[in-house]
Amino acid sequence: MATEKFTVSGEELVGRFKKLLHEGNIRTVRIIQGGKVILEVPLTVGASAATLTIMMAPILAAIGALAALITECTIEVEKVEGE
């Protein structure tokens, strides 16, 4: 399992999360601020990007609310290797 980290501003958070959903090889996404995980989202491997976007609508709304409250955070992504 490969792990990547991105530092983004609150304004970029929702857009980056949506982009990661569409990549399709993501197992887990964590949003970290101040060294603490404030949101962890497990994703279904093998689900289409369109299906994930529909299923994630409430989570995207929560991430949007988070983005309004934070100035900068880190997104940690676990990717499935070999797919």
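Residues numbered from 1 in each chain as written. Predicted model: local features only at pLDDT ≥ 70, side-chain atom pairs only at ≥ 80, totals over all residues. Heavy atoms only, no water.

J.: Looking at this structure, I do not really get the pattern of salt bridges. What am I missing?
T.: For side chains of opposite charge, pairing can occur when their charged atoms come near one another. The tally for this structure, following the rule as stated, stands at five salt bridges. A salt bridge links Arg30 to Glu76; the shortest N-O distance between them is 2.7 Å. Taken together, the residues Arg30 in strand β2 (residues 26-33) and Glu76 in strand β4 (residues 72-79) connect sequence positions 46 residues apart. The same class applies to Arg30 and to Glu76, which are both buried. Among the salt bridges present, the one from Arg30 reaches Glu78, with a minimum N-O distance of 2.8 Å. (Salt bridge = Lys/Arg side-chain N within 4 Å of Asp/Glu carboxyl O. Helix = DSSP H or I, 4+ residues; strand = E, 2+ residues; numbered from the N terminus. Buried < 20%, exposed > 50% of the residue type's maximum accessible area, 1.4 Å probe, protein only.)

J.: Honestly, the sheet that holds strand β3 (residues 36-42) in this entry has me stumped. Any pointers?
T.: Hydrogen bonding along the main chain pairs the strands of a sheet, whether they run parallel or antiparallel. The four strands lie next to each other as β1-β4-β2-β3, forming an open sheet whose pairing is antiparallel. Sheet topology places β1 (2-9) and β3 at the edges, where each strand pairs with a single neighbour. Looking at each pair of strands side by side, their axes are set apart by 20° on average, direction ignored. In the packing of helix α1 (residues 10-23) onto the sheet, the strands contacted are β1, β2, β3 and β4, and the crossing angle to β1 comes to about 150°. (Pairing = 2+ DSSP bridges. Axes fitted to C-alpha atoms, helices over the stretch in contact; angles between N-to-C directions. Contact = heavy atoms within 4.5 Å.)

J.: Please clarify how the environment of Asn25 should be interpreted in this entry.
T.: On the secondary structure map, Asn25 appears in the loop between α1 and β2. Spatially, the C-alpha atoms of Asn25 and Leu43 are 9.3 Å apart, while their sequence positions differ by 18 residues.

J.: Just to check I follow, could you spell out the pairing of β3 for this structure?
T.: Here is the key point about a regular strand: its side chains alternate between the two faces of the sheet. By the bridge criterion, six bridges tie β2 to β3 in an arrangement that is antiparallel. Residue pairing in the sheet places Ile32 in a bridge with Val37 of β3. Hairpin geometry of β2 and β3 is characterised by an intervening segment of two residues between the two adjacent antiparallel strands and by a positive phi of about 60° at Gly34.

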